[in-house]
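The residues making up each chain are set out below.
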Amino acid sequence: MISIRIKENTDLELQPELKNACKKMLEDDSSLPLHIKGNTLSFDKYTIGSLKIGDYNIEIEPRNSVFTLETIFEMLLYESLNNFDENYLSSGFGDNQSFGVSSITSQFYYECVRLVNFGLTGGFISEVKSGKEVNGRILMDKYHPAYLPIKGVEYVCDRYSVNVTANQIIKSAILKVLKMESRKSVRRDYQLLLKYFSMIDEYKGSLYMLDNISNSFFSANPHYPIALEFAIKILRNMKMKFIHGNISWNAFLHNSNDIYEKYIRKVVAKGLDAYISKWDAPKQIAVLDDGIRKGNKGYIPDILIDYNSLDGSAKAVLDAKNKVFETDKDNIGEILHSADMYQLAFYCDKLKTNLGGLVYPAGSDFRPIQVMIDGSTDFRFVLFSINMREKISVRHRKLCKAIENELLFYIR
């Protein structure tokens, strides 16, 4: 296996063999976030993850060093789950911070082991039976005295079974991992795990329904939410192609900016006593017209605090900035990019508020930084950071407390 590691937003020069394999892969699935131009492979902006093509394994690492495979998955899980346990420890990753599929499958196995050790949860399934001894509700619309001596009475019998949809989803993810895994030790572990699901069918439903099924499933087993979320990620986001029973390619790719923005919005939504929202679509601010064509220009802030749709105002505006936050620079002014400052000032003006902030990922604890803009004495602009190397519950609490003290305290 030939391993290639590149940073997010970096292009890759392709050898002829790899170039041909990438072209075939795009023919199989044109929705993959990558492009070939000449001998260069480029990815959509902010794409991270892994891509395995034949004998090549390409890993795209985050441009921001504070993000590891562990923190990326913590953010994905936290944003996806309504009942995420903030004391969750993703110890299955261990010291392996590779962004390859192998790390993901190892963590999924770890979560499944915890799940089956606690015990699988099932439910009551209704079956239609017939006989002379009735053990359920009689189906009166199918009752006929002439059938009694032959097949008896049809009735509905409820029986307890672990063959419920949630377990079917997990089993299907296990089978998908077995299809793509070539490591003998991992295959052996997953085959042993599969024995616990021997009485369970594969999931045959729509992938679009997975989230609804997971959110509506109740179990006293606390490991179901995490195991189900990993299973959903594997079934829906892990793409692959088989040729003659062998894997031609597989891909597990995400957008780091999208992950971080959704994560921060969920953190403040749960931690602040305020209504947190984001518009479904950008609001128009301009129309471009060259006499032949017309085009619209819009804007959409990441996080609105107490947005009022009647007058188009908000009490405060936050933007999640997936950029390096280094306060040890000699010139602290280099932390803030001018374009980010202008953007936030514009958002606040349009939303009729004097309170705005940027939220950066960091590797240590830093105090909020107030930005005093020349000529604007009424505008409170604050730079916040969240320590991604700190325990989840602690870093969430610290960020929300800082936003309350440094920003929301000044709401008029």
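Residues numbered from 1 in each chain as written. Predicted model: local features only at pLDDT ≥ 70, side-chain atom pairs only at ≥ 80, totals over all residues. Heavy atoms only, no water.

**Considering the overall build of the protein chain**
Working step 1: When helices and strands are tallied, the protein chain shows eleven helices and 19 strands.
Working step 2: Here the protein chain holds 412 residues, and the buried ones make up 47% of them.
Working step 3: For the protein chain, the exposed area adds up to about 21900 Å²; of that, 49% sits on carbon and sulfur atoms. (Helix = DSSP H or I, 4+ residues; strand = E, 2+ residues; numbered from the N terminus. Buried < 20%, exposed > 50% of the residue type's maximum accessible area, 1.4 Å probe, protein only. Areas by Shrake-Rupley, 256 points an atom, 1.4 Å probe, with all protein chains shown as cover.)

**As for the sheet that holds strand 5 (residues 47-53)**
Working step 1: The five strands are arranged 1-6-5-11-10 in an open sheet whose pairing can be described as mixed. Edge positions in the open sheet fall to strand 1 (2-7) and strand 10 (238-243), since each of these has one partner strand only. Sheet twist, expressed as the average angle between the axes of neighbouring strands with direction ignored, equals 10 degrees.
Working step 2: Bridge analysis of strand 1 against strand 6 (residues 56-61) gives six bridges, and the strand direction is parallel. Of the residues in strand 6, the one forming a bridge with R5 is E59.
Working step 3: The sheet contacts of helix 5 (residues 165-180) involve strand 10 and strand 11 (246-255), and relative to strand 10 the element is tilted by about 50 degrees. (Pairing = 2+ DSSP bridges. Axes fitted to C-alpha atoms, helices over the stretch in contact; angles between N-to-C directions. Contact = heavy atoms within 4.5 Å.)

**A closer look at the side chain of N167**
Working step 1: As for its placement among the helices and strands, N167 is situated in helix 5.
Working step 2: Setting aside residues up to four positions removed in sequence, N167 forms contacts with L120, T121, V162, F197, I200 and Y224.

**Here's the deal with the sheet that holds strand 4 (residues 40-43)**
Working step 1: Sheet architecture is open: three strands sit in the order 2-4-3, paired in antiparallel fashion. With partners counted over all chains shown, the strands left at the sheet margins are strand 2 (12-13) and strand 3 (34-37), one partner each.
Working step 2: In the sheet, strand 2 pairs with strand 4 via two bridges, with the strands oriented antiparallel. When the bridges of strand 4 are listed, L12 appears paired with L41.
Working step 3: In this fold helix 1 (residues 16-28) packs onto strand 2, strand 3 and strand 4, with an angle of close to 130 degrees to the strand it touches most, strand 3.

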